[in-house]
Amino acid sequence: MQNAVAAVLDKTMGYKKASKSFGVPQTTLEARVKKARSGMSLEDATKKGLGRYESVFNQEQEKELTEHILLMESRLFGLTIDEVRSLAFELAEKNNLAHSFNRTKKMAGKCWFYSFLKRNPQLSLRSAEPTSLARAMGFNRVVVKQFFDLLSDLYKKHNFTADRVFNVDETGIRTVPNKQSKVLALRGKRQVGGLVSAERGILVTAETCMSASGIYMPTMFVFPRQRAKPELLDNAPPGSTAEYHPSGWMQKDLFVKWFQRFVEFSKPSKEKPVLLLLDGHSTHTKSIELIEMAKGNNVHLLCFPPHCTHRMQPLDVAFMAPLSNYYSQEARKWLQSHPGRVITVNQVAGLYGTAFMKAASIDTAENAFLKTGIFPLDQDIFPDWMFQPAETTNINPPLKKADVQSSGSTESSNQTLTVPSTPEEANETLSIASTSGSSQSDSPIPATSAFQVSPQELKPIPRAERKEESTKRRRGKTAILTSSPYKEELISSMKNGKTAKRKLQMEPNATKSTATKNGRGKKKAKKAVIVEDYNTSSEEEGEEDNAACIYCNELFSNSKSEEGWVKCHKCSEWAHEQCAGIDDEDDERYTCDFCT
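Residues numbered from 1 in each chain as written. Predicted model: local features only at pLDDT ≥ 70, side-chain atom pairs only at ≥ 80, totals over all residues. Heavy atoms only, no water.

**Examining the sheet that holds strand 6 (residues 299-303)**
Part 1 of the reasoning: Taken in spatial order, the seven strands of this open sheet run 4-3-2-1-5-6-9, and their pairing is mixed. The outermost strands of the open sheet, each flanked by one partner alone, are strand 4 (241-244) and strand 9 (479-480).
Part 2 of the reasoning: Contacting strand 1 (165-174), strand 5 (274-278), strand 6 and strand 9, helix 9 (residues 141-158) runs over the sheet at an angle of about 165° to strand 6. (Pairing = 2+ DSSP bridges. Helix = DSSP H or I, 4+ residues; strand = E, 2+ residues; numbered from the N terminus. Contact = heavy atoms within 4.5 Å. Axes fitted to C-alpha atoms, helices over the stretch in contact; angles between N-to-C directions.)

Given below as structure tokens:
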């Protein structure tokens, strides 16, 4: 339009020729030339307007609104379309800006919203990925720094090479894949189905291990059964082994068996020790036998910080997702080639084997360790935006007594630290403010706001107040499991903290079955008595005599003789010791997987 107006003003073209040459409407061109001849600048005369409407917010205001929207999303509190429309209306009202928004609904129109997106292309509508509060809180600068400090010390001391750094993790393989592949269907069809073997699949645990050099250890499966069945390993990855447990979950003794195979596979020595990275599951971190075996075989165990494996564990970052996708594809192919049949535990290892061979590449392993900054070591691998969700619950260390006295205030018990809103502010001097007034925002209002009432004031970033836990449970943490201090701490916690347990024992005169006239055996009702129950009150006993296992839903009254049960100290629910993955001698306070 500017070129067309300039051509007309210079009298090099007429209206009709300029309109065709520059592809602009002739009537609009005539109107813009008229404005330019009246004394307006060429830029103002050709500025695109909104018809009879004027823009509600100027460029500086829309920029500030955009920054606030992006900041909310970085804290995992992203705004929906309706929330942005409502915020725009409030901004126009509070700042006394002329607008034509809907005063009945108190929202800006959809036309304004989509025009706002066009004017700010850095914004886009996205589907938010569910992120638990534990992961948002857990992945923060403090714990990440602690992990890399420990890793750096191990590298300096032992000079690990890529082929001596391993990561191990469990993954659940079900007869029904967790995710279905996208398929072509009729446009507009409301529901598209996909054939699966059952509503809920049977779980088989696969223990996977890989090195930073791209070496993969043969998989160990944990099948949900009690007796061995060699046919379950048909078509499994070469060298795979099998263990068996009724729950199909990894247990402490089973992980020790896997570790024995790992020692044979990696062949660690005093001259060439091995580093094994693993998550903080109880089967890894609460086994004295595992720790002693690792120390005796020159294997150093380093545990990831809790709730950080989605960012820091190589297997989770780069391997598990493609493995799951390939397994879903193989399961779908199997159902198509075997009509009328369903996938059972017998086919899991074979389908997993095909998927594993596709996913287990050298590049995948090398990129996984590179992305997480583990090998080669890169302590600054994670950008600032990854730590933003943790700012919602981050707190600063308590003030020292000398710091409080130097602040000049006498009411030290009623004071707290202002939480920095950005990583840069964390390095600045911390200010002290009274908590008796209104709650402070962790993201201060910009000093040069384009609004009288800023978006931060109308839609502040939610801020959580941490409360001290009533329980004294030892939290998981990143640690070198093979270090002497960790082993002593683990032994001490096992001695001091006990969890509620109970067992059933059959009475001596209780019989299993009686003969009937037709010769069939009929089970007699078992009469069971509780022979072990400590750290539980007498009021709870009557209510919990027929509790159900939170994992397998079996009732306590139907338990087998001498079968141990354990109680979660958080939710007070009961579970089989085998389902919970703990041993009889494990007296540390138990927390179920649903509470952790």
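**Digging into the pattern of salt bridges**
Part 1 of the reasoning: As enumerated under the stated definition, the model contains ten salt bridges in all.
Part 2 of the reasoning: With a closest N to O distance of 3.3 Å, Glu292 and Lys487 form a salt bridge. Of this pair, Glu292 sits in helix 12 (residues 288-296) while Lys487 sits in helix 19 (residues 484-496), and the two are 195 residues apart along the sequence.
Part 3 of the reasoning: For Glu292, a relative accessible area of 43% puts it in the partly exposed group.
Part 4 of the reasoning: Taken together, the shared-partner salt bridges in this structure form one network comprising Glu243, Lys257 and Arg261. (Salt bridge = Lys/Arg side-chain N within 4 Å of Asp/Glu carboxyl O. Buried < 20%, exposed > 50% of the residue type's maximum accessible area, 1.4 Å probe, protein only.)

**A look at the packing of aromatic side chains**
Part 1 of the reasoning: Under the defined criterion, the tally for this structure stands at 24 aromatic pairs.
Part 2 of the reasoning: Ring centres of Phe57 and Trp112 lie 6.1 Å apart, and the angle between their planes is 75°; this geometry places the pair in the edge-to-face category. Of this pair, Phe57 sits in the loop between helix 4 (42-45) and helix 5 (59-74) while Trp112 sits in helix 7 (residues 110-119), and the two are 55 residues apart along the sequence.
Part 3 of the reasoning: For Phe57, a relative accessible area of 2% translates into the label buried.
Part 4 of the reasoning: Members of the aromatic cluster, joined through ring pairs, are Tyr216, Phe221, Phe223, Tyr244, Phe319, Tyr352 and Phe356.
Part 5 of the reasoning: Between the NZ or CZ atom of Arg311 and the centre of the ring of Phe139, over which it lies, the distance is 6.0 Å. (Phe/Tyr/Trp six-rings, centres within 6.5 Å; stacked < 30°, edge-to-face > 60°. Lys NZ or Arg CZ within 6 Å of the ring centre and 35° of its normal.)

**Considering the packing of helix 14 (residues 314-337) against helix 16 (residues 362-371)**
Part 1 of the reasoning: The contact between helix 14 and helix 16 brings their axes to 8 Å, and the two run at 145°. Pair helix 14 / helix 16 crosses with right-handed handedness. Facing Pro314, Val317, Ala318 and Phe319 of helix 14, the residues of helix 16 in contact are Thr364, Ala368, Phe369 and Lys371.
Part 2 of the reasoning: Of the residues in the contact of helix 14 with helix 16, the class split is six nonpolar, one polar and one charged. (Left-handed = near helix turned anticlockwise from the far one by under 90°. Nonpolar A, V, L, I, M, F, W, Y, C, P; charged D, E, K, R; others polar.)

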